Amino acid sequence: MIKFKHVSSKTAFILGLFGFMLYMGKINEVLANPDTLISGTLYKQEASWEISLGRFGIAILERFRQGIVNTTLTSCIAVLCAVAVSLLIIELFEISGSFRQVLCGAILIASPHVGCTLTYYYCSSFYMLSYLLAVFAVYLLTNRNIRHIVISSILFAASLSIYQSYITAAIAICYMYVLYMIIEGKGVRAILRQTLTYLVAGIGGGGIIFNIKQNRSGNHRNHLHFGQRLCFYGKPGYKGTSYTDYPDL
């Protein structure tokens, strides 16, 4: 269980309320993009397209929702992930004061990349989960012990298996935290140990993904076969506007 020392429950409530109010238009399916002209509750049959891009984690997560995509629920989960990310970053950098915490969290939640991600109604929750896993991995690494390095490596690998781009967010936070340590006057040895910890966990997470893809996806045919074994769907999958051909549930 995570115990925050700096983030108050009031801050968490305000940021949660802010996130849902800010993105109500997307939760109500008013604002989409040309790649996601869908609404309501739909049945997503498989994830071959995602797997072809190396995002086999999405195929695994699809098992838990049984292929049923409720766009409103997906958006709500994505907002909660964005709020959780903001709370972790506030705690990581030990930001004090309710006003500063809310301001920092609001900036993170209202960032253009979060708003854009929420327009992908069929997968925004997965993408934001990838973001959350990457940030949580960095958060755990501040303890610099073997157990947390192993856990963070697994979290990095999980994040990469869902959506690769968020590893850059993790790298940026690592850089910022090292800079934060320098500003705070931490010793050179502590800074080097922290940097080495980040490198070991990051390489470990990347190594896990590389090993999985090498063993499971030697060629294109094996790659798709791997995807079919991850998914329980029988028909080819579609993306974007093709979802409009699905029967509405």
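Residues numbered from 1 in each chain as written. Predicted model: local features only at pLDDT ≥ 70, side-chain atom pairs only at ≥ 80, totals over all residues. Heavy atoms only, no water.

Participant: Please provide a residue-by-residue account of the side chain of E91, values included.
Facilitator: Examined against the element boundaries, E91 turns out to sit in helix α5 (residues 71-92). Comment: no salt bridge for buried E91; closest opposite-charge side chain is K5, at 6.7 Å. Beyond its immediate chain neighbours, meaning those up to four positions away, E91 contacts F4, K5, H6, V7 and Y139. (Helix = DSSP H or I, 4+ residues; strand = E, 2+ residues; numbered from the N terminus. Buried < 20%, exposed > 50% of the residue type's maximum accessible area, 1.4 Å probe, protein only. Lys, Arg positive; Asp, Glu negative; His and termini not counted. Salt bridge = Lys/Arg side-chain N within 4 Å of Asp/Glu carboxyl O. Contact = heavy atoms within 4.5 Å.)

Participant: Please provide a residue-by-residue account of helix α10 (residues 167-183), values included.
Facilitator: Its 17 residues place the ends of α10 24 Å apart at the C-alpha level, agreeing with the 24 Å of an ideal helix rising 1.5 Å per residue. Looking only at α10, the buried set comprises A169, A170, I173, C174, Y177, V178, Y180 and M181. One or two residues past the end of α10 sits G185, with phi positive at roughly 80°. (Expected span 1.5 Å × (residues − 1).)

Participant: Go over a nonpolar patch on the surface, please, and point to the residues and values.
Facilitator: Taken together, the side chains of F13, I14, L17 and M21 present a nonpolar region at the surface, about 430 Å² in accessible area. With respect to the secondary-structure elements, L17 resides in helix α1 (residues 9-22). Using a relative accessible area of 44% as the deciding quantity, one classes L17 as partly exposed. (Patch = residues over 30% accessible without salt bridge, like charges linked within 9 Å, V, L, I, M, F, W, Y side chains within 5 Å. Areas by Shrake-Rupley, 256 points an atom, 1.4 Å probe, with all protein chains shown as cover.)

Participant: Residue-level account of the confidence of the model for the protein, with values.
Facilitator: On average, residues of the protein score 83 in pLDDT, and 78% of them are at 70 or above. The model gives residues 232-249 a pLDDT under 50, and that stretch makes 49 contacts with residues more than four places away or in other chains. (pLDDT = per-residue confidence, 0-100.)

Participant: Break down the environment of G57 for me, citing the residues and quoting the values.
Facilitator: Along the chain, G57 falls in helix α4 (residues 56-65). When its relative accessible area of 6% is taken as the criterion, G57 is described as buried. Ignoring any residue separated from it by four or fewer positions in sequence, one finds G57 in contact with S161 and I162.

Participant: Describe the pattern of salt bridges, listing the residues and the values that go with them.
Facilitator: Per the stated rule, a full pass over the model turns up one salt bridge. With a closest N to O distance of 2.9 Å, R65 and E62 form a salt bridge. Of this pair, R65 and E62 both sit in helix α4, three residues apart, which is roughly one turn of the helix. Relative accessible area serves as the criterion here: at 17%, R65 is assigned to the buried category. On the basis of relative accessible area, E62 is assigned to the buried category, the value being 0%.

Participant: So what's going on with unusual backbone geometry? Which residues, and what values?
Facilitator: The residue E94 is not glycine, and still its phi comes out positive at about 55°. Along the chain, E94 turns up in the loop between α5 and α6 (98-109).

Participant: Let's hear about the nonpolar core: which residues, and what values?
Facilitator: Of all hydrophobic cores here, the largest spans 54 residues; its most connected members are F93, M128, Y131 and V138. Elements with a minimum of two residues in this core: α5, α6, α8 (124-140), α9 (146-162), α10 and α11 (188-216). Here this core gets 12 residues from one element, more than from any other, and that element is α8. Ignoring any residue separated from it by four or fewer positions in sequence, one finds Y131 in contact with V85, H113, V114, Y166 and A169. Formed by seven residues, the second largest nonpolar core is a distinct cluster that contains A47, I51, F56 and A157. (Core = buried A, V, L, I, M, F, W, Y, C linked by side-chain atoms within 4.5 Å.)

Participant: Summarise α5; cite the residues concerned and give the values.
Facilitator: An ideal rise of 1.5 Å per residue puts 32 Å on 22 residues; α5 measures up with 32 Å between its terminal C-alpha atoms. Taking burial as the measure, the 22 residues of α5 include 16 buried ones, the bulk of the element. The distance from a side-chain oxygen at the start of α5 to the backbone nitrogen of T72 is 3.2 Å, and the residue carrying that oxygen is N70. Directly beyond the C-terminal end of α5, a positive phi value near 55° is found at E94. (Polar contact = N/O pair within 3.5 Å; in protein donor to acceptor, adjacent residues only side chain to side chain.)

Participant: So what's going on with the packing of α8 against α10? Residues and values would help.
Facilitator: Two elements in contact, α8 and α10, have axes whose closest approach is 9 Å; the angle formed by their N-to-C orientations is 30°. As the angle between them shows, α8 and α10 are arranged roughly parallel. Between α8 and α10 lies a crossing of right-handed hand. Contacts between α8 and α10 involve Y131, A134, V135 and V138 from the first element and A169, A170, I173 and C174 from the second. For the contact of α8 with α10, the residue count by class is eight nonpolar, no polar and no charged. (Axes fitted to C-alpha atoms, helices over the stretch in contact; angles between N-to-C directions. Parallel < 35°, antiparallel > 145°, perpendicular 65-115°, else oblique. Left-handed = near helix turned anticlockwise from the far one by under 90°. Nonpolar A, V, L, I, M, F, W, Y, C, P; charged D, E, K, R; others polar.)

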